[in-house]
Amino acid sequence: MALSSKTLVKLGVDKRTAQAHAPFLVAAMRECDITTKARAEMFLAQLFHESIMLSTFEEIASGAAYEGRKDLGNVQRGDGVRFKGRGPIQVTGRANYKWMSDKLGADFIAEPKLLATARYGYRAAAAFWTRANLNAKADKGDFEGVTRSINGAATWNAPSHQSRRVALLTRIRKVDVRPGRSYLRRGDEGDAVLVLTRRLSFIQSPMTGTHYLDGKRHKFDSATVKALKQFQTEHALKPDGRFGPASSEALDKAVRRKKLGGDDKPTPTSKPTPVAHKPKPQTKPTKPTPDKRPVPPTSGALIGELVRLDEREDHILDTLIARGQRLERRAGQTLERERVVAPADLAPVKAGLVALSAAIDELQARIQRAETTPAEPATTNGNGTVTFAELGARVQQHDAEAELLRSLVRQRLDELEPDGKPAPVPSTPKGPARTFTLSKTKPMKGSDVKAFQRLLNLRFDAWNIDRRIAESGVYDAETREAARQVTQALGLLPQAYEHGITPALRSVIRTPSRRTPTQTKRAKARAPYRAKLRARYGEKPAATVATAASASVSTGAFMGSQAVAQSLAAIGHGLGLKTTSEKRQNANPFSGSRSDHDFGNKDAYAYDISDGSAPTPGMDKAALRIMHQLGFKSYRLKEPINTSRGVTTISHGGHRFRVQVIYRGSGPAFGGNHLNHIHIGVKRVG
């Protein structure tokens with residue numbers, strides 16, 4: 001059995017990712033002769049490790065560490081960030097991007113994010129494999145040498161993690177991952193056959209005016225052979241009934257012409273062109289046939305549909321998370337488990353979806369500007385306007401990350417569901433996105449209203465206003481008043497909501513960057529209005545950690561501090577970090593002012609979490625999310641957190657707790673050595 005999406009799913013790749021990536025992966029392996037058993041197994045093992053099972057095609061770090069690296073060709077300012085690691089094997093540096101551009105025929109210097117797409121990423125990985133002569137090492141069975149050529153070392157643990165690569169290789173060797181032949185023939189089955197037959201059913205023969213095939217199919221049958229031979233004959237190809245590179249290229253061009261609205265005009269062949277019959281004379285003039293072609297939707301309609309889908313996704317995700325929390329409490333399970341997602345770990349899901357939403361919003365804004373302004377030359381300069389190719393690559397990357405996070409939710413729910421029954425999906429209003437208006441007789445209800453109420457509460461939280469409306473899913477007078485307050489604080493005029501809360505207005509509230517410069521300037525001038533709201537409703541506490549984990553923690557002296565510490569440590573557990581130290585501070589064993597020290601109340605708890613002996617991307621990302629969860633929104637990736645910087649007071653369960661985070665430093669200012677772990681200390685202070 002040749003390598004396919006089913007093979008990738010069997011090895012642990014997400015199903016949607018496998019289906020989208022399998023054709024590009026197989027084509028790249030064939031192109032660079034990675035076709036034997038040993039070559040294919042070692043190639044996939046390295047790719048699985050470097051890209052986290054094909055889920056991450058862009059380096060998590062910013063790339064600033066590569067700035068000025070002449071060995072990578074980074075000779076211009078900003079090259080480190082612009083040409084950071086991308087693709088399933090992490091191509092890094094201007095020189096390597098330039099080599100890949102010449103090799104693959106695409107301009108990765110102008111559009112570096114193209115390397116983070118499946119179309120070019122796998123070809124780049126295979127090209128690197130050939131350039132480093134890794135086929136020869138694979139033929140000799142030198143897997144350690146392959147790792148050394150890719151990573152620069154082959155240490156068993158960090159930084160090379162050869163043990164993980166070997167474990168992946170062992171798993172892969174249990175199935176056949178060879179890419180198979182470079183062509184399809186009668187009797188073949190799989191995704192590639194499905195794509196071929198779908199395309200032959202899409203285009204029409206210029207000779208007969210009919211489709212080559214009557215529908216897609218999973219098996220390369222006799223009808224497919226007949227259709228392919230007809231296509232090959234009409235396009236000056238050898239009619240052998242085999243679908244190889246030449247036929248694939250001709251079919252690609254024909255499909256592109258069809259999508260652009262043109263006719264399929266193949267290269268003329270020696271066959272005579274059929275002579276058209278003369279039409280019979282008509283005694284009566286015929287009526288013109290009405291144009292029955294569907295009218296393409298406008299950008300406004302498409303954006304409205306995106307808003308509706310976004311609100312539905314929020315509603316479904318919140319319902320699943322709430323159900324997971326109830327199931328965990330029912331099962332009485334603890335939060336400390338290996339590679340399992342707990343409710344507190346689901347915070348990254350929100351972050352991933354927010355990042356995806358931002359990328360889509362940017363794409364929508366570009367579409368609107370393109371339709372309302374004259375066309376201008378596309379700018380690909382690093383300091384210029386982002387191109388549609390870059391936006392598409394960014395959306396694809398965020399979609400892959402969001403899908404990975406959703407799969408973690410599905411995995412955890414599948415474990416907790418009784419009798420293996422799937423979790424129910426709540427209903428949501430059908431049709432286009434609605435305009436919210438107040439009605440005394442029949443108030444508007446639905447998941448879209450609830451999502452909007454949640455959005456209003458998030459806006460109040462962002463402005464530090466202690467105001468919260470009920471997320472009931474009913475559009476009532478309180479919701480309308482809150483919407484008007486938020487709209488006014490964002491710098492919009494009353495005319496924006498005089499006819500109700502439209503989908504376009506909700507889109508602006510969700511993404512304030514869509515405002516015009518005048519509205520943004522007006523919002524800054526309305527700072528006194530937001531201060532007036534804070535005076536009216538009160539100021540929100542500095543930060544609040546709300547977690548369902550406290551329900552599964554036994555009551556007692558340590559109920560509060562332990563629950564808070566666990567919920568923060570669980571953020572790191574969701575990123576692969578492990579607990580290296582866990583302490584219940586019921587005495588005062590240390591001196592100084594660290595937050596986990598006991599001050600008489602005997603309610604203090606501390607966690608140390610880590611995944612290596614030095615700062616790693618995983619620890620950096622965990623520290624970033626923990627600091628943002630605690631309200632330190634200005635904290636940036638890789639910044640040290642000393643004993644005074646990461647201290648705050650939060651509210652939880654009716655008590656106040658002092659929380660301290662320490663990371664990326666050593667010495668008196670950091671309370672000792674905290675280079676290789678994140679310290680989380682919590683004590684109750686009121």
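Residues numbered from 1 in each chain as written. Predicted model: local features only at pLDDT ≥ 70, side-chain atom pairs only at ≥ 80, totals over all residues. Heavy atoms only, no water.

Undergrad: Quick question: what am I supposed to make of the overall build of the protein chain here?
TA: Secondary structure assignment for the protein chain yields 22 helices and 7 strands. For the protein chain, buried positions account for 44% of its 686 residues. Residue pairs in contact within the protein chain that sit at least 24 positions apart in sequence constitute 62% of those at least 6 positions apart. Counting only carbon and sulfur atoms, one obtains 53% of the accessible surface of the protein chain, whose full area is about 35,900 Å². (Helix = DSSP H or I, 4+ residues; strand = E, 2+ residues; numbered from the N terminus. Buried < 20%, exposed > 50% of the residue type's maximum accessible area, 1.4 Å probe, protein only. Contact = heavy atoms within 4.5 Å. Areas by Shrake-Rupley, 256 points an atom, 1.4 Å probe, with all protein chains shown as cover.)

Undergrad: It is not clear to me how the confidence of the model for the protein chain should be interpreted in this structure. Could you clarify?
TA: Detailed reading of predicted coordinates is not advised where the pLDDT is low. Per-residue confidence for the protein chain gives a mean pLDDT of 76; residues scoring 70 or more make up 70%. The weakest mean pLDDT in the protein chain belongs to helix α15 (residues 388-416) at 58; the strongest belongs to helix α7 (residues 134-140) at 93. The low-confidence segment residues 419-428 (pLDDT under 50) makes 17 contacts with residues lying over four places distant or belonging to another chain. Predicted confidence for residues 586-600 stays below pLDDT 50, and this span has 32 contacts to residues more than four positions away or in other chains. (pLDDT = per-residue confidence, 0-100.)

Undergrad: Just checking my understanding: could you explain the packing of aromatic side chains for this structure?
TA: By convention here, two paired aromatic rings are described through the distance between centres and the angle between planes. Within the structure shown, the criterion is met by 8 aromatic pairs. Geometrically, the ring pair formed by Phe43 and Trp129 is edge-to-face, given 5.2 Å between the ring centres and 90 degrees between the ring planes. Here the residue Phe43 occupies a position in helix α3 (residues 37-50), and Trp129 occupies one in helix α6 (residues 118-131), the gap between them amounting to 86 residues. When sorted by exposure, Phe43 lands in the same class as Trp129, which is buried. Above the face of the Trp99 ring, Arg131 is positioned so that its terminal group lies 4.3 Å from the ring centre. The ring of Trp463 has Arg530 sitting right over it, with the charged end atom 6.0 Å from the ring centre. (Phe/Tyr/Trp six-rings, centres within 6.5 Å; stacked < 30°, edge-to-face > 60°. Lys NZ or Arg CZ within 6 Å of the ring centre and 35° of its normal.)

Undergrad: How should the pairing of strand β4 (residues 655-662) be read in this particular structure?
TA: The pairing of strand β3 (residues 647-652) with β4 spans 6 bridges and is classified as antiparallel. The residue bridging His652 from the neighbouring strand is His655, located in β4. With 6 bridges joining them, β4 and strand β7 (residues 678-684) adopt antiparallel strand pairing. Directly across from Phe657, in β7, lies its bridge partner Arg684. (Pairing = 2+ DSSP bridges.)

Undergrad: Quick question: what am I supposed to make of the packing of α3 against α6 here?
TA: Contact geometry for α3 and α6: axes closest at 12 Å, N-to-C directions at 120 degrees. By the criterion of interaxial angle, the relationship of α3 to α6 is oblique. For the crossing formed where α3 meets α6, the hand is right-handed. Together, Arg39, Met42, Phe43, Gln46 and Leu47 of α3 and Tyr122, Ala125, Ala126 and Trp129 of α6 make up the contact between the two elements. (Axes fitted to C-alpha atoms, helices over the stretch in contact; angles between N-to-C directions. Parallel < 35°, antiparallel > 145°, perpendicular 65-115°, else oblique. Left-handed = near helix turned anticlockwise from the far one by under 90°.)

Undergrad: Explain the nonpolar core here, please?
TA: Note on soluble globular proteins: their nonpolar side chains tend to be buried together. Ranked by size, the top nonpolar core spans 50 residues in total, and within it Leu8, Leu25, Phe43, Phe48 and Trp129 carry the most contacts. Those elements that place two or more of their residues in this core are α2 (15-31), α3, α5 (94-104), α6, α7, α8 (143-151) and α9 (162-172). When near neighbours in sequence (up to four residues on either side) are disregarded, Phe43 contacts Leu25, Met29, Ile34, Ala125, Ala126 and Trp129. The next biggest cluster of nonpolar side chains, apart from the first, holds 26 residues, and it includes Leu577, Ile626, Tyr635 and Phe657. (Core = buried A, V, L, I, M, F, W, Y, C linked by side-chain atoms within 4.5 Å.)

Undergrad: Any chance you could explain the side chain of Ser610 here in plain terms?
TA: Looking at the element boundaries, Ser610 is found in strand β2 (residues 604-610). A polar contact is formed between the side chain of Ser610 and the backbone oxygen of Asn676, at a distance of 2.6 Å. Setting aside residues up to four positions removed in sequence, Ser610 forms contacts with Leu577, Lys578, Thr580, Met619, Asn676 and His677. (Polar contact = N/O pair within 3.5 Å; in protein donor to acceptor, adjacent residues only side chain to side chain.)

Undergrad: What's the story with the pattern of salt bridges in this structure? I'm lost.
TA: Two side chains that carry opposite charge are able to pair once their charged atoms sit near each other. Counted according to the given criterion, the structure contains 22 salt bridges. When the shortest N-O distance is used, the salt bridge between Glu58 and Lys113 registers 3.6 Å. Pair noted here: Glu58 is in the loop between α3 and α4 (79-82) and Lys113 is in the loop between α5 and α6, with a separation of 55 residues, a long-range link. Lys113 shares its class with Glu58; the two are buried. Where Asp79 meets Arg94, a salt bridge forms, and the shortest distance between an N and an O atom there is 2.8 Å. Here Arg94 lies in helix α5 and Asp79 lies in helix α4, a separation of 15 residues in the sequence. Judged by its relative accessible area of 18%, Arg94 is buried. (Salt bridge = Lys/Arg side-chain N within 4 Å of Asp/Glu carboxyl O.)

Undergrad: How should the packing of α3 against α8 be read in this particular structure?
TA: Running from N to C, α3 and α8 cross one another at 45 degrees; their axes reach a closest spacing of 11 Å. Classified by the angle between their axes, α3 and α8 sit oblique to one another. Every pair of crossing elements has a handedness; the one defined by α3 and α8 is right-handed. Two secondary-structure elements touch here, α3 through Met42, Ala45, Gln46 and Glu50 and α8 through Phe143, Val146, Thr147, Ile150 and Asn151. Class assignment of the residues belonging to the contact of α3 with α8 gives a composition of 5 nonpolar, 3 polar and 1 charged. (Nonpolar A, V, L, I, M, F, W, Y, C, P; charged D, E, K, R; others polar.)

Undergrad: Which parts of the structure should I look at to understand α5?
TA: Three or four residues apart is the spacing at which side chains of an α-helix point the same way, because the helix has 3.6 residues per turn. What α5 keeps buried is the set Arg94, Tyr97, Met100, Ser101 and Leu104. For α5, the buried positions fall inside an angular range of 125 degrees around the axis, keeping them on one side. Residues of α5 that are exposed and angled more than 90 degrees away from the buried face: Asp102 and Lys103. The secondary structure elements touched by the buried residues of α5 are α4 and α6. (Arc of directions from axis to C-beta.)

Undergrad: When you look at the sheet that holds β3 in this model, what are you seeing that I'm missing?
TA: Taken in spatial order, the 5 strands make up an open sheet running β1-β2-β7-β4-β3, and their pairing is antiparallel. Taken across any chain shown, the strands that pair with only one partner, and hence form the sheet edges, are β1 (578-584) and β3. Within this sheet the neighbouring strands show an average axis-to-axis angle of 20 degrees, counted without direction. Across the sheet, helix α22 (residues 617-629) is in contact with β2, β4 and β7; its angle to β7 comes to roughly 25 degrees.

Undergrad: Honestly, the environment of Gln485 in this entry has me stumped. Any pointers?
TA: By the element assignment, Gln485 lies in helix α17 (residues 477-489). Of the residues examined, Gln485 reaches a relative accessible area of 5% and is grouped as buried. Sequence-wise, Gln485 and Arg530 are 45 residues apart; in three dimensions their C-alpha atoms are separated by 8.9 Å. Sequence-distant contacts of Gln485, that is, excluding residues within four places in its chain, are made with Phe460, Arg467, Tyr529, Leu533, Arg536 and Tyr537.

Undergrad: Please explain the environment of Asp240 as it appears in this structure.
TA: Tracing the sequence through the fold places Asp240 in the loop between α11 (222-234) and α12 (245-259). Considering only alpha carbons, one finds Asp240 and Arg185, 55 residues apart in sequence, at a separation of 9.4 Å. Apart from residues no more than four positions distant in its own chain, Asp240 is found in contact with Lys229 and Gln232. There is a polar contact of 3.0 Å between the side chain of Asp240 and the backbone nitrogen of Arg242.

Undergrad: In this structure, what is going on with the environment of Arg522? I would like to understand it.
TA: On the secondary structure map, Arg522 appears in helix α19 (residues 517-525). The sequence separation of Arg522 and Ala489 amounts to 33 residues, and the corresponding C-alpha distance is 8.8 Å. Beyond its immediate chain neighbours, meaning those up to four positions away, Arg522 contacts Gly491, Leu492 and Leu493.

Undergrad: Help me understand unusual backbone geometry in this model?
TA: Peptide bonds are, in most cases, trans, and in most cases residues other than glycine have a negative phi. Not every positive phi belongs to a glycine, and Asp33 is a case in point at roughly 60 degrees. Tracing the chain through its elements places Asp33 in the loop between α2 and α3. Owing to a relative accessible area of 41%, Asp33 belongs among the partly exposed residues under this scheme. Despite not being glycine, Ala236 shows a phi value in the positive range, around 60 degrees.

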